[in-house]
Amino acid sequence: AILSQAKPALPSFTFWPHYGSLGPRAEMLGLAAARSLGRVAAKGPVATSLRQPAAPWLQRCSGAPVRVNSSVAVNPSAFGLGTAAAVDGSSAVSSKLVDVLLGRGQLVKEGYEKAVGYWLVGASGLLYSMIGIGGYTRLSGSGLSMTDWRIEGRSLPRSEELWKKEFEDYKRFPEYQRLHNGTMELTDFKRIYFVEWFHRMWGRGVGVYFAVPLVYLGARRIIRGPLLLRLTGLLGLGISQAFVGWWMVRSGFDPPEKHTPTLGQNQRPRVSPYRLASHWTAALTLYVGVVWNALTLLRPSPAVAHGTAEALAAAAKCRRLALLVAAAVGLTLLSGPFIAGNDAGRAFNTWPKMNYDWVPPEWVRAVANPVANMRLFFEETAVVQFNHRTLAYASVFGALGLSAYGASLPLWSGAAVAVRLLPLAVGAQMCLGIATLLLYVPIELGVAHQAGGVLVLTSLVAVLHALRLPAAGVLALPAEAAAAVAAGAAASAAA
């Protein structure tokens with residue numbers, strides 16, 4: 001019904017069969033679109049676009065015989081338009097199907113895509129800064145200076161007496177007793193206390209920036225149900241991060257031997273690496289969720305972006321390799337907190353060897369009996385660092401391979417650029433990590449390396465998002481075809 005309104009010069013269209021099982025909604029969409037194609041061929045304007053060899057696949061999709069020159073009605077119930085009925089050029093069905101094909105008005109009220117998208121870009125920027133501030137807080141030794149937590153937050157101590165009280169509370173815990181006993185002055189404590197206080201209050205500010213517009217846009221129904229549900233879930237994850245963060249900090253008030261018993265006695269006080277990994281993973285999940293939804297609003301839909309059947313086939317091939325690279329990069333990022341949580345970056349400060357060994361003997365012993373030595377993979381300094389190095393190498397080579405493979409495929413411009421930039425981000429991050437290790441983890445480089453990890457993740461998200469495939473049964477629509485379809489639907493509605 002929609003395509004019948006398009007211009008005679010409309011480019012050829014191609015159905016893209018989705019691999020794997022189709023959900024009920026996708027099957028209905030494929031059925032309606034297949035029938036729509038059959039009907040269009042009968043009307044003439046784009047009859048040459050539908051080749052006879054397509055009929056067998058259309059028949060499988062619709063479950064009924066399809067003749068290229070026969071008239072087949074669209075099933076409006078597949079698009080939530082009420083009872084199934086034959087529709088002849090219905091503007092309602094046309095408008096609905098155009099929205100599906102172009103991804104228009106599905107997530108936000110039409111015309112608000114950029115506004116909501118840029119708001120989410122701002123939120124992702126604030127989350128990025130929050131992660132960087134968190135890295136500085138940990139590396140500067142400030143994270144354990146505040147010994148209590150309140151969901152609503154609080155102001156800095158306003159008098160010298162209150163500062164002294166906070167300092168006395170800090171003295172009760174292992175960090176002061178083992179590292180600063182008799183050597184830390186009140187002015188030193190004020191400095192680290194302010195850093196931790198600022199980190200907490202910045203997080204609350206980010207939460208307000210995200211929550212207030214979300215409530216407003218949701219109440220005005222500018223953000224549609226599916227996106228509103230996703231963003232509400234991300235808001236809940238952000239709120240839970242406050243509790244996870246305190247749970248992590250609270251572990252630093254215990255003797256460190258409680259959380260990493262394999263490292264023996266007289267350990268340096270620090271938070272549990274397991275809880276640090278939980279906090280880090282949740283932060284990255286929140287960040288990825290916001291970035292992904294921002295890209296969804298600001299980039300063209302997959303049906304429009306890929307443009308041709310060749311580009312769509314190339315994206316499907318490249319996506320399979322991209323998922324493997326994503327696994328390597330993800331594991332590298334998740335191994336980072338165990339480097340930080342065990343201070344593993346302050347040992348084996350040589351490269352490419354670890355002191356005199358390519359493979360440390362501690363790792364060989366751990367691998368010899370992995371079940372009995374399971375904790376060593378997360379606590380033993382040599383094992384943790386070797387794992388992180390190995391995963392980083394795998395990420396670099398995987399990103400290079402993906403870039404080379406993507407260059408040989410006819411990807412759409414957005415995907416091609418993203419695939420080529422990924423190895424640059426991963427390679428720069430590895431070089432930064434090597435420099436941080438060789439220089440014994442100065443604070444500036446340590447923070448830069450953590451922030452660089454998030455940039456690598458951002459590049460990876462951009463790649464995977466650019467390689468998205470259209471929903472099952474949806475047309476791969478060239479940009480000029482999309483414009484023609486939209487114009488046809490508008491003319492139909494006006495008529």
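Please refer to the structure higher up on the page.
An account of the accompanying structure is given in this report. Here the structure is a predicted model, which is why all the values come from computation and not from measurement.

1. Considerations on the overall build of the protein chain
Secondary structure assignment for the protein chain yields 17 helices and two strands. A burial count over the protein chain gives 50% of its 495 residues as buried. In the protein chain, once contacts between residues fewer than 6 apart in sequence are set aside, the share between residues at least 24 apart is 77%. About 23,200 Å² of surface is accessible on the protein chain, with carbon and sulfur atoms providing 63% of the total.

2. As for the packing of aromatic side chains
Applying the stated rule across the entire model yields 18 aromatic pairs. Plain terms: the ring middles of F167 and Y176 are 6.0 Å apart, the flat faces sit at 90° to each other, and that makes the pair edge-to-face. Each of the two residues, F167 as well as Y176, counts as buried. Judged by centre distance (5.8 Å) and plane angle (75°), the rings of Y274 and F338 are edge-to-face. With Y274 in helix α9 (residues 273–298) and F338 in helix α11 (residues 309–341), this pair connects stretches of sequence that are 64 residues apart. Grouped by ring-pair contacts, the aromatic residues W163, F167, Y170, Y176, F189 and Y193 constitute a single cluster. If you follow K171 out to its NZ or CZ, it ends over the ring of F167, 4.5 Å from the centre.

3. As for the packing of helix α5 (residues 160–170) against helix α7 (residues 186–219)
Interhelical geometry of α5 versus α7 gives an angle of 85° and a closest axis separation of 10 Å. As the angle between them shows, α5 and α7 are arranged roughly perpendicular. Listed contacts from α7 to E160, W163, K164, E166, F167 and Y170 of α5 are L186, F189, K190, I192 and Y193. Of the residues belonging to the contact of α5 with α7, the class tally is seven nonpolar, no polar and four charged.

4. Some points on the nonpolar core
The biggest cluster of nonpolar side chains holds 61 residues, and the ones touching the most others in it are V116, W119, L120, F210, I223, L231 and L411. Those elements that place two or more of their residues in this core are α4 (113–139), α7, α8 (225–251), α9, α11, α14 (381–407), α15 (413–438) and α16 (443–466). Of the residues forming this core, the biggest block, ten residues, is contributed by α9. Counting eleven residues, the second-largest nonpolar core is a separate cluster that includes Y170, M184, F189 and I192.

5. Brief notes about the pattern of salt bridges
The full count for this structure, using the stated rule, is 15 salt bridges. Of the charged contacts in the structure, one is a salt bridge between E379 and R375, with a shortest N-O distance of 2.7 Å. The buried category is assigned to E379, whose relative accessible area is 0%. Here R375 falls in the partly exposed class, since its relative accessible area comes to 38%. One connected set of salt bridges, linked through shared partners, spans D148, R150, R154 and E166.

Calculation criteria
Residues numbered from 1 in each chain as written. Predicted model: local features only at pLDDT ≥ 70, side-chain atom pairs only at ≥ 80, totals over all residues. Heavy atoms only, no water. Helix = DSSP H or I, 4+ residues; strand = E, 2+ residues; numbered from the N terminus. Buried < 20%, exposed > 50% of the residue type's maximum accessible area, 1.4 Å probe, protein only. Contact = heavy atoms within 4.5 Å. Areas by Shrake-Rupley, 256 points an atom, 1.4 Å probe, with all protein chains shown as cover. Phe/Tyr/Trp six-rings, centres within 6.5 Å; stacked < 30°, edge-to-face > 60°. Lys NZ or Arg CZ within 6 Å of the ring centre and 35° of its normal. Axes fitted to C-alpha atoms, helices over the stretch in contact; angles between N-to-C directions. Parallel < 35°, antiparallel > 145°, perpendicular 65-115°, else oblique. Nonpolar A, V, L, I, M, F, W, Y, C, P; charged D, E, K, R; others polar. Core = buried A, V, L, I, M, F, W, Y, C linked by side-chain atoms within 4.5 Å. Salt bridge = Lys/Arg side-chain N within 4 Å of Asp/Glu carboxyl O.

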